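One letter stands for each residue in the lines below.
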Amino acid sequence: MYRTLLSRITSLIFFVVFAELVVGGGGRLFSFGPITLRMVLFAIAMIITAVHFLSGEHLPKEFKRILTVFVVVYGLGIAIGILNGAEPRQWWDDIRPLLYIFMLPFFAFAVNNDQAVNHAAKVIRWGSISLALLFFLCLIIIHSGSVPFLDFYNPAIASTEFFFRGE
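Residues numbered from 1 in each chain as written. Predicted model: local features only at pLDDT ≥ 70, side-chain atom pairs only at ≥ 80, totals over all residues. Heavy atoms only, no water.

Engineer: Help me out: how do you make sense of the packing of helix 1 (residues 2-23) against helix 2 (residues 37-54) in this one?
Structural biologist: Helix-helix packing is described using two parameters, namely the angle between the two axes and the distance between the axes. In the contact formed by helix 1 and helix 2, the axes pass within 10 Å of each other and the chain directions differ by 155°. Between helix 1 and helix 2, the angle is such that the two are roughly antiparallel. In this structure, the crossing between helix 1 and helix 2 has a hand that is left-handed. Contact residues: Tyr2, Leu6, Ile9, Thr10, Ile13, Val16, Val17, Glu20 and Leu21 in helix 1; Leu37, Arg38, Leu41, Ile44, Ile48, Val51 and His52 in helix 2. Residues that form the contact of helix 1 with helix 2 fall into these classes: 12 nonpolar, two polar and two charged. (Axes fitted to C-alpha atoms, helices over the stretch in contact; angles between N-to-C directions. Helix = DSSP H or I, 4+ residues; strand = E, 2+ residues; numbered from the N terminus. Parallel < 35°, antiparallel > 145°, perpendicular 65-115°, else oblique. Left-handed = near helix turned anticlockwise from the far one by under 90°. Contact = heavy atoms within 4.5 Å. Nonpolar A, V, L, I, M, F, W, Y, C, P; charged D, E, K, R; others polar.)

Engineer: Quick question: what am I supposed to make of the pattern of salt bridges here?
Structural biologist: Side-chain pairs of opposite charge can arise where the charged atoms are in close proximity. Under the definition given, this model contains three salt bridges. With its nearest N and O atoms 2.8 Å apart, the salt bridge here joins glutamate 20 to arginine 38. Highlighted residues: glutamate 20 in helix 1 and arginine 38 in helix 2, separated in sequence by 18 residues. Pair check on accessibility: glutamate 20 and arginine 38 agree, each one buried. (Salt bridge = Lys/Arg side-chain N within 4 Å of Asp/Glu carboxyl O. Buried < 20%, exposed > 50% of the residue type's maximum accessible area, 1.4 Å probe, protein only.)

Engineer: Would you mind going over the environment of glutamine 90 with me for this structure?
Structural biologist: Mapped onto the elements, glutamine 90 comes out in helix 4 (residues 88-95). Taking the C-alpha atoms as reference points, glutamine 90 and isoleucine 78, separated by 12 residues in sequence, lie 9.9 Å from one another.

Engineer: Can you walk me through the packing of aromatic side chains in this structure?
Structural biologist: Taken as a whole and assessed by the stated rule, the structure comprises nine aromatic pairs. Relative to tyrosine 74, the ring of phenylalanine 70 has its centre 4.7 Å away and its plane inclined at 40°; by these criteria the two rings are tilted. With phenylalanine 70 and tyrosine 74 both in helix 3 (residues 61-83), this residue pair falls four residues apart, about one helical turn. A relative accessible area of 10% places phenylalanine 70 in the buried class. Members of the aromatic cluster, each reached through a chain of ring pairs, are Phe14, Phe18, Phe106 and Phe107. (Phe/Tyr/Trp six-rings, centres within 6.5 Å; stacked < 30°, edge-to-face > 60°.)

Engineer: How should I be thinking about the nonpolar core in this particular structure?
Structural biologist: Burial of nonpolar side chains together is a common tendency in soluble globular proteins. With 13 residues, the main nonpolar core has Ile13, Phe14, Val17, Phe18, Ile48, Met103 and Phe106 as its most contacted residues. Counting residues per element, the ones that place at least two in this core are helix 1, helix 2, helix 5 (104-110) and helix 6 (114-143). Apart from residues lying up to four places away in sequence, phenylalanine 14 is in contact with Phe106, Phe107, Ala110, Val111, Ala116 and Ala120. If you look at the next biggest cluster of nonpolar residues, it comprises five residues, including Leu59, Leu67, Leu104 and Ala108. (Core = buried A, V, L, I, M, F, W, Y, C linked by side-chain atoms within 4.5 Å.)

Here is the structure:
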């Protein structure tokens, strides 16, 4: 029963994490001050991953190798940065976005059968369709004059998730 519950929770969180990755852009679309939804989901996934490890589950060797190579390469990079006088803030800013690779064990535990792969494919498909429809809806609303362009542009550009051409 414990493993079934853990498996269901893992599947649910995987679905939410993956959906946010598909529709969430660079990760700052859904933010609460300095904290983003992606950060919260990362923390939840890391807790679930720790529970998997504590319950005796293991990663396949390929995943262990990838993570080991990552840690060694970036450990060397940080060491070189420190030896060359880089401020901790500088190397932290460089490595922070790369830490998402530690989601790999969570994904390994979550995507463990054909059903999980099929769900991921559906998330990609429906997320893409939803984004396309929202894009066309925004174009229709702006071009019909229902919402003035600047009323849309100012909040969108402030989010840093949207980019506009200079035209």
